[in-house]
Amino acid sequence: MPKDNNIFKEIAKHYGVSEKSVYSEIQKMIADAQNTDNEDIKEHWRLIPCKGDLPTPEELILYLSQQLKKKPSD
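Source: prediction; values computed, not measured.

## Quick word on the pattern of salt bridges
Here comes step 1: This structure, assessed with the given rule, holds 4 salt bridges.
Here comes step 2: Between Lys28 and Glu25 there is a salt bridge; the shortest N-O distance is 2.8 Å. Placement of both Lys28 and Glu25 in helix α2 (residues 19-34) is noted, with a separation of 3 residues, approximately one turn of the helix.
Here comes step 3: Given a relative accessible area of 46%, Lys28 falls into the partly exposed group.
Here comes step 4: Owing to a relative accessible area of 47%, Glu25 belongs among the partly exposed residues under this scheme.
Here comes step 5: Linking Lys42 and Glu39 is a salt bridge whose minimum nitrogen-to-oxygen distance equals 3.7 Å. Of this pair, Lys42 and Glu39 both sit in helix α3 (residues 39-46), separated by 3 residues, roughly a single helical turn.
Here comes step 6: A relative accessible area of 26% means that Lys42 is categorised as partly exposed.

Next up, the structure:
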């Protein structure tokens, strides 16, 4: 897990767990989400820029935050 990621620190503090466990849980969620037969969902995952086969927690959070910035407010 990369050092000094405030988002992981904040989540860990909020839930009373370690930063490492937050990071690991996000990694597991990413891997689990890839196991689908739904082609629409698979296509959405392919849109996430990443260096490896799966996005890292940082890559996923960066992508999602960029998508939220693009969305007009309701």
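## Notes on the nonpolar core
Here comes step 1: Counting residues in hydrophobic clusters, the biggest one holds 10 residues: Phe8, Ala12, Val22, Tyr23, Ile26, Ile30, Trp45, Ile48, Leu60 and Tyr63.
Here comes step 2: Contributing elements (two or more residues each) for this core: α1 (6-15), α2 and α4 (57-70).
Here comes step 3: Among the elements that line this core, the one with the most residues is α2, at 4 residues.

## Some words on the packing of α1 against α2
Here comes step 1: Where α1 contacts α2, the axes come no closer than 8 Å and their chain directions differ by 105 degrees. Taken together, α1 and α2 sit at an angle that is classed as roughly perpendicular. Between α1 and α2, the residues in contact are Phe8, Lys9, Ile11 and Ala12 and Glu19, Val22, Tyr23 and Ile26, respectively.
Here comes step 2: Split by residue class, the contact of α1 with α2 holds 6 nonpolar, no polar and 2 charged.

## A word on α4
Here comes step 1: Taking 1.5 Å per residue as the helical rise, α4 with its 14 residues ought to reach 20 Å, and the 20 Å between its terminal C-alpha atoms agrees with that figure.
Here comes step 2: Buried residues along α4 sit against α1, α2 and α3.

## Comments concerning the packing of α2 against α4
Here comes step 1: One can describe the packing of α2 onto α4 by two numbers: an axis separation of 9 Å at closest approach and a directional angle of 75 degrees. Classified by the angle between their axes, α2 and α4 sit roughly perpendicular to one another. Where α2 abuts α4, its residues Tyr23, Ile26, Gln27, Met29 and Ile30 lie against Pro57, Glu58 and Leu60.
Here comes step 2: Tallied by class, the residues present in the contact of α2 with α4 amount to 6 nonpolar, 1 polar and 1 charged.

Parameters and conventions
Residues numbered from 1 in each chain as written. Predicted model: local features only at pLDDT ≥ 70, side-chain atom pairs only at ≥ 80, totals over all residues. Heavy atoms only, no water. Salt bridge = Lys/Arg side-chain N within 4 Å of Asp/Glu carboxyl O. Helix = DSSP H or I, 4+ residues; strand = E, 2+ residues; numbered from the N terminus. Buried < 20%, exposed > 50% of the residue type's maximum accessible area, 1.4 Å probe, protein only. Core = buried A, V, L, I, M, F, W, Y, C linked by side-chain atoms within 4.5 Å. Axes fitted to C-alpha atoms, helices over the stretch in contact; angles between N-to-C directions. Parallel < 35°, antiparallel > 145°, perpendicular 65-115°, else oblique. Contact = heavy atoms within 4.5 Å. Nonpolar A, V, L, I, M, F, W, Y, C, P; charged D, E, K, R; others polar. Expected span 1.5 Å × (residues − 1).

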